[in-house]
Amino acid sequence: MKFQLLYNILHLCSLQKFVTSALHNNDGIIAKLNKNKGRNLKSNVNIYVPNLALNISYIESKEKIQQRVFGSWYAENVLETLNQTEVTAENFQNQDSNYPGQLTEGRKEFFTLYATKDDSKVKQIWSQDGGSRPTFTSFHHLVLPVWFGDEDPNDPESQMVASRIKLVLDQNKEYYRKMSFDSVDLTYEILEQKQFPSLNSRTATLDDSKEKMREHTRSLGYEKGDGSYDGLMLLYNIAKGKGDHSFSGGLANVNADDPFLWMSYALYDWETGANIDFGVTRHEFGHNVGHPHHRAMRYERLGVTMYDGFDMMSGGNFYDISHFHVASKWFFNWIPDSSIVMMQPEGSTEWCPKCKSSGTFNIKTFDKYESPPQNGDIFGIHIPIHGERGNTIWSYWLQYRSGVHGRAAIGLSVHFSRFILGSTFGGMYDQLNYDVHGDTETTFDSFVLPGTCYIIEPALMLIKRGLSAEQSGEQVIPRVCVESLNKGNDITVSVSFLDSSYLKPGNAHHSVQCNTSGKKVKETFTKSPLLYHLKGTGVDGTVSVSLCPKNNVSPNFGYNANAYFYDRYPHAPMEQKAPFAHGAFDGKAIGFWECCKPGSDVYVNNGATIVKITNINEGKHRIYLNEIEIYDENGVNVAPNGRCYSKFSDYDLGDPNCLNDGIVGNYPEACSSYSGADGTPQFDFCVLEKETKISRVKVYPFYDPEKSFLTDKLDNLQIDFYSFVDLGKKNYRWKGDLDFIGQLAEPIQTGFSSSMLDPRSHNVVLDSSYPCPRKSSDPPPSLYSSLSSLFGETWLIVNVQEVDGFAAIETEVDIECVASSTCGINHYLTNGECLKCPPNSFASEKSESCKPCPDFYELLHPRGQACSVGNKSDPSIISALGWRIWLPKDKSTDSRYLYIDEVDFYESSDCSGNEINPLGVPLHSGARGNRNGPDKAFNNDGSWSGRSQGDSFWLGMEFSSETSVSCIKVTQGSVYATQIFIQAQVGKGSPWQNVLITTSDVPTGESSFRWGSEGPTKLPTIAPTLSPPSPTKSPTVAPTALPTAKAPTPANGYTYVGCYNDNKKNPALPEFKGRNKSNEKCAELCTGYTYFSLQGPFSCYCGDSGYDKYGSSEACKCDESNIGKLVACVYLNSPGTDSPIKSPTAAPTSSPSSPPTAITLDPTAAPTLSPTTVKPSQSPTTSSPTHVNEFVYVGCYNDNRFDRALPIEKGTKKSNKECADLCVDYKYFSLQGPRACWCGNSGYDKHLRGDSDCDCNGDFIGSWIACVYLNELYEGTEVPTAAPPTEKLTGLPSSAPTGTPKTGSPTGSPVASPTTTTCTDSLFYFSGKAKNCKKLLKGKTGNKAITLCNKFDKFGRQVKNHCPKTCSFDCAERCANEADYVVVRTKGKKVVEYNCDAIPNPDVLCYTVMDKQLVGEHCRASCGFCG
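Sequence order as written defines the numbering, with residues in each chain counted from 1. For this predicted model, a pLDDT threshold of at least 70 governs which residues receive local features, and a threshold of 80 or more governs which side-chain atom pairs are given and counted, while totals over whole chains, interfaces and linings are taken from all residues. Side-chain calculation: all heavy atoms of the structure are included, whereas hydrogens and water are not.

Draft legend 1. Focus on the sheet that holds strand 22 (residues 510-513). Spatially, 22-24-40-26-27 is the arrangement adopted by the five strands of the open sheet, whose pairing is mixed. Both outer strands of the open sheet, strand 22 and strand 27 (584-591), are each paired with one neighbouring strand and no more. Strand-to-strand twist across the sheet, computed as the mean angle between neighbouring axes with direction ignored, equals 20°. Taken together, the four bridges between strand 22 and strand 24 (residues 530-535) define a ladder with parallel strand orientation. Two strands pair if DSSP finds at least two bridges between them. Helix numbers and strand numbers start at the N terminus; a helix is a DSSP run of H or I with at least 4 residues, a strand a run of E with at least 2. Under this scheme, a helix contributes an axis fitted over its contacting stretch, all axes are lines through C-alpha atoms, and angles between N-to-C directions fall in the 0 to 180 degree range.

Put into structure tokens, the structure is as follows:
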């Protein structure tokens, strides 16, 4: 097996499909854009339906579209003002904000993190003037074209032309310059093409090629971090097969410390002559600087690919102008803080003094180079939601964009964003574009239009987390109204906030409980809209809706019926009079032709909307056209106002947008459409903006002088005119014929050839009606939707639009709702129905029952999957039968244990006077042994060492009668509660109630909590500290400083110790203080540390121990300009000490919280409180307290199975006194695990302080933690330079320091347990739990036993190695190395592999952890596993 230290996961981008994965490594996320080989790409990545007319039942005028989609209210209140210069939103409920809430903790965290947003912007790519924020101003790429080893450098096809590469890089440079308003300068250096002989193009990984490029640039004198470059770009020829370098396009890491780009070279652009694509280049560099792919809100809901259609990091990449969002430009300081308005419901607060709660603002376009930020200009509105501890802030952003061919300039954009702060570019920025009109399949209507208001409801990404109302964004609900629009320049909006109660659902006209068999509802109505509540839809239920006039009455062209589907109650359209499409996740429409009576005629109002041109020539099916002009009755060409399509568009060969761009001519001066390659007649068609009385069409052919035969294929074309085309969910590349409805003229025949290139012009006479396309056998038209609701329910609005001049038609609605058999979150399945869980209960998907929350816990959010501690309390309770402290186990500093030294109850509200006599029955959640019961905390006779029960701890007293309590004093030990709930039980058997909930910062030691007449204190009152604190009853885990011998103080304040080896990745002295330091300066910088060292170019390091962990050396040049590589001159930095010692003998120098605590001879008794004295081998300079015992407690320290801190083992189940006697020849002894005794003279702190507390008085002290003591029985006169020598593994690797044993110590070499090769089980506890080999494998047989024996615990130990008898593990195999085990290390330029024979070494030690497994568990012979 191999362990690869570098992992790479691709974030794949494709022109038609983006695929995302979610692994990270030191290089960040990697993103990739994949394109077809050798194709010209210059058009939009995704093709969308251009306007609402394409998704309705027939093509209407603009006014009728607005009437139908937005409802009669819109027609009455807005339509008349749309043509005015300024459009107001006065008719909307636009009252000022009246937000009663307070600033949430989540938003306080937001502003805390917001203040750090520039902290990581320190590299040379950032510049800063005066007190301004850092600005992203420069970036320099090294560009390396490469051949792989299987390529022929002499093959002209494999040679890359620098001038063609330069074309694209210059274009990219110019694009970013303009996008940044002249702020950023991208530079590059194109290196000579290089071959990598050792890499094969089919098998080389991305890491392989990246490392080779790094190696090559280093050989040329470019070093990472030396300022010679900021990022690397590798260009490669596309490999055959499926390897990492077989994709066509680009790939980049995201916000990495070492920005890297991979680009394929074969994308030839016929216009520029470049061999790499500009769109791909600018997009991939966008990944480098911190952007993943940006998507629209529906992607996040349904899990399907749907991109923000206007952003270069998404579906808008191939528009000429598709800039980064305004949030990115602000983050890079290309747009200043002064141009961003901050808003929150509370308005100005101490956390955000400049925040506003409401207002009207004029927002400028942020993507026009000629309109940079000026004083007073507003470029965006930023609305914080909340921050998460660590580095993530969530927000809403409002912006106005002019680019993407003006398609984004029709209204306001709303975005939900996330910044993950840190790294080279300051953070990673991700966003979702709110699909404002969610009823359509396009994002081209993702805007808040003039005269409308939009309610920004919580983003589904936050709601799906189901943590709390705050973290789900439900306490920040902006309302945005577009007051006026100066198209392409600026937009005026008003913003306010709604109270969170807005989200509570209202009443529906009808409620339908769906079931798995299908629930049907049928009724008749004339007035609409009607709101249906479809309950219990499950994970993926379905609904069908049929809407047609009653009794098959043939409607006129004024009839339009619509259905809209919502995840949540549709407040905006039902209460705020917003368009029905706002907040919808799907929508369907039925036009009058779908409900027409078979045999009747369907009359049109104002003409046709579809012009279709088909190549009907047998065997010549492809179609290539240059331009289509469509003239109305006034002779105006209306084609540019519509949108054109091809049946089978191939954007690498042609673009249907060329058909109405107004540019005519031959290739390459003018572009063309292309449709073909599926063996059926191909066609182009244009959809006009509204019904048009077409009078004439003019068609221009494609012509390429070098490919005239293509034009000869166009000699038999047919032109048709239709009322409607049903595009459905298809944007382009339809594999079957589309449904063109209502032919309105006789077909027109036309054609071209290479000798007949003049455009063809044809007059048109349209009919006023067409036959009803329905048959008598056709069922009523049905609207169908998949209900993938996050909430297990769906809301449905059905609406029949009334149009002036037409009487209301009685309409029948048929609804069938089929529930999924898989119920959603917090629903359960019973009798075929998905029902909601009761309050304060939860369930996962597919559940058939709900789990109630425990006492004092609440389900904070309807989608919550775990109960949280409640926050309700009643401080008026002062008299009760029972009183206790209670806390969730995660509020203890160790969720397993809790140490309470004392609990005292007081009737006074300030804990003054006499404490209440604790007469009654002690109550507790559990204790660690009989000697640590709850009574210990009430009788001043020890401590309660508590265990949790379920998810909580509690400790209290049930008094013999009702007792008044207004204050409780709690004294906590070394494992303590950070938050405490004071609870009362008023009567026998009654439920416990919260009286007081403290804040989350309760300290160890003594605290008082009061309530009652003086009010509650949520902050603890800490005991005074004017006098020295008394020792705690439990052993302190703070280090106890040990005195060292006195010596003359050197004049310079430090003493040379010696020359020692060091390790770059894990320095012996860990604190780095900088380079080029003198001895005196390093000593000064290391004040407070016992040792300092200088190495290399006088790099300064500090520490208290471990300087000799890699052994001594003779290679130091302490007085020269460079001391040497990986060797250190070590100095003792403690003035007033004796001659230097070669192994640290003192514990870390941090001061203990109380005097040193002596442990009595009886290991079961609590430590005594009398201070102690150390017996040094020389007279101490200052006296220490004396004591009568024979050892002093030093502290709790980590230990390691393969590298024992104290190496001499003396057996298990030893008392402190027994271990001290056994270790009489050693300065220190320790007890760990089942009171196993270990001895040694130094190094007890080599694995640092314990990260969990030792139970020094218990029968089981803890796993791989040790209670360390100074042994007073030891009478040595000299501290050895190192621990006694050991065999190959008592854990010490071969590079560990060695030394001479002290006189009187054993002459044999001690070995690690077990000491023989017999197959006996060792003293093993799996993951430190009380399960030895027999208990662990009890009842396990067959495959279950084999699986468990092969398992590794959390310390990296394999069960069968330690339980060979129980696991029937062969002795010889157990003591041997694993032949196929290999550790792979990346060392600078090289990848080095070590098998067990080469382990241990300075790079890989026996106790190195690889993939959560100790190396020594595999290399058992090399590491001396069996002695």
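Draft legend 2. Representation of the packing of aromatic side chains within the structure. Any two of the Phe, Tyr and Trp rings considered here, Trp counted by its six-membered ring, make a pair once their centres fall within 6.5 Å; the pair's planes then place it as stacked at under 30 degrees, edge-to-face at over 60, or tilted in between. All chains considered together, the criterion is met by 57 aromatic pairs. Taking the centre distance of 5.9 Å and the plane angle of 10° together, the rings of Tyr114 and Trp330 count as stacked. Taken together, the residues Tyr114 in helix 3 (residues 105-114) and Trp330 in helix 8 (residues 326-331) connect sequence positions 216 residues apart. An identical accessibility class is assigned to Tyr114 and Trp330; each is buried. On the numbers, 5.0 Å between centres and 50° between planes, the contact of Phe332 with Trp334 is tilted. The pair formed by Phe332 and Trp334 is uniform in burial state, with each residue classed as buried. Any Lys NZ or Arg CZ that is within 6 Å of a ring centre and within 35 degrees of that ring's normal is treated as a charge sitting over the ring. Its end group placed over the ring of Tyr175, Arg282 keeps NZ or CZ at 4.5 Å from the ring centre. Here's how the labels work: a residue is buried when its accessible area is under 20% of the maximum for its type, exposed when over 50%, partly exposed in between, all with a 1.4 Å probe on protein chains only.

Draft legend 3. Spotlight on unusual backbone geometry. Between Ile1399 and the following residue, Pro1400, the backbone shows a cis peptide bond with an omega angle of 5°. If you trace the backbone, Pro1400 turns up in the loop between strand 69 (1390-1395) and strand 70 (1409-1410). A positive phi is found at Asn255, a non-glycine position, where the angle reads about 50°. For Asn255, the position within the fold is in the loop between strand 10 (249-254) and strand 11 (260-264). Given the relative accessible area of 9%, Asn255 is considered buried. Positive phi is not limited to glycine here, since Leu1126 has a value of about 60°.

Draft legend 4. Summary view of the state of the cysteines. In this description, a disulfide is simply a cysteine sulfur pair whose atoms lie within 2.5 Å. By the definition in use, this model includes 22 disulfides. One disulfide bridge connects Cys823 with Cys834, the sulfur atoms lying 2.1 Å from each other. Looking along the S-S bond of the Cys823-Cys834 disulfide, the torsion reads about -90°, which is the left-handed sense. Here Cys823, found in the loop between strand 41 (811-818) and strand 42 (827-830), pairs with Cys834, found in strand 43 (residues 833-836); they are eleven residues apart in sequence, far enough to count as distant. For the pair shown, Cys823 and Cys834 are each scored as buried. Disulfide pairing is shown between Cys853 and Cys867; the S-S distance is 2.0 Å.

Draft legend 5. Spatial organisation of the sheet that holds strand 60 (residues 1091-1095). The five strands lie next to each other as 58-62-60-61-59, forming an open sheet whose pairing is antiparallel. Here the strands that pair on one side only, and so sit at the sheet edges, are strand 58 (1055-1061) and strand 59 (1071-1074). Here the average twist between neighbouring strands, direction ignored, is 30°. By the bridge criterion, six bridges tie strand 58 to strand 62 (residues 1127-1132) in an arrangement that is antiparallel.

Draft legend 6. View of the nonpolar core. Judged by nonpolar contacts, the single largest core of 53 residues is most densely connected at Phe136, Ile165, Tyr176, Leu235, Phe324, Phe332 and Phe419. Per element, the largest residue contribution to this core is six residues, and it comes from helix 4 (residues 162-179). Whether two residues touch is decided by their heavy atoms; if any such pair falls within 4.5 Å, the residues are in contact. Filtering out sequence-adjacent residues up to four positions away, Phe419 remains in contact with Ala327, Trp330, Phe331, Asn391, Thr392, Ile393, Met428 and Tyr429. For the purposes of this section, nonpolar cores are sets of buried Ala, Val, Leu, Ile, Met, Phe, Trp, Tyr and Cys residues that join through side-chain atoms within 4.5 Å.

Draft legend 7. Just helix 5 (residues 206-219), in detail. Taking 1.5 Å per residue, 14 residues should reach 20 Å; helix 5 reaches 20 Å between its end C-alpha atoms and fits that length. Buried residues of helix 5: Leu206, Asp207, Ser209, Lys210, Glu211, Met213, Arg214, His216 and Thr217, and no others. Among the residues trailing helix 5, Gly221 stands out with phi positive, at a value near 100°. For a helix, the expected span equals 1.5 Å multiplied by the residue count minus one.

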